[in-house]
Amino acid sequence: MARVQLIIPDEDRDRFVYQARREGLTLSAWLRAAARERLEDRQRSELFESPAALEEFFRACDALKGPETEPEWDEHLSAIAESRRRNAANT
């Protein structure tokens, strides 16, 4: 079995340990379970089996309820910048 060393902020370690204990796991077991869960989530996406399946996917996307028009590009950039500012403030 391989050993992996992680460097994480103390605050994160404390939160992870607390949650692991709540779930009756060691920190190591909890981190492994979290990593496995993330892998499984990422591997769930299915590939399109044919061009027809891809076309059906886009037809279904077009049928989804959403705004009638796309926001202006400046609005997109503002939303991205705001998200980055919030994320930077949380780190």
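Topic: the pattern of salt bridges
- A full pass over the atoms with the stated rule returns five salt bridges.
- Here arginine 13 ties to aspartate 10 by a salt bridge, and the two come within 3.5 Å at their closest N and O atoms. With arginine 13 and aspartate 10 both in helix 1 (residues 10-22), this residue pair falls three residues apart, about one helical turn.
- When salt bridges with common partners are traced through the structure, they connect Asp10, Arg13 and Asp14 into a single cluster.

What to know about the confidence of the model for the chain
- When the pLDDT values of the chain are averaged, the result is 89; 99% of them are 70 or greater.
- Confidence, read as mean pLDDT per element, is least for helix 4 (residues 73-90) in the chain (88) and greatest for helix 1 (95).

Thoughts on the packing of aromatic side chains
- Within the structure shown, the criterion is met by three aromatic pairs.
- Ring geometry for phenylalanine 48 versus phenylalanine 57: centroids 5.2 Å apart, planes at 55°, classification tilted.
- Here phenylalanine 48 falls in the partly exposed class, since its relative accessible area comes to 44%.
- Assessed through its relative accessible area of 38%, phenylalanine 57 is described here as partly exposed.
- Each ring, one from phenylalanine 57 and one from phenylalanine 58, has its centre 5.3 Å from the other, and the planes form 70°; the classification is edge-to-face.
- Among the aromatic residues, those joined into a ring-pair cluster are Phe48, Phe57 and Phe58.

Thresholds, definitions, all that
- Residues numbered from 1 in each chain as written.
- Predicted model: local features only at pLDDT ≥ 70, side-chain atom pairs only at ≥ 80, totals over all residues.
- Heavy atoms only, no water.
- Salt bridge = Lys/Arg side-chain N within 4 Å of Asp/Glu carboxyl O.
- Helix = DSSP H or I, 4+ residues; strand = E, 2+ residues; numbered from the N terminus.
- pLDDT = per-residue confidence, 0-100.
- Phe/Tyr/Trp six-rings, centres within 6.5 Å; stacked < 30°, edge-to-face > 60°.
- Buried < 20%, exposed > 50% of the residue type's maximum accessible area, 1.4 Å probe, protein only.

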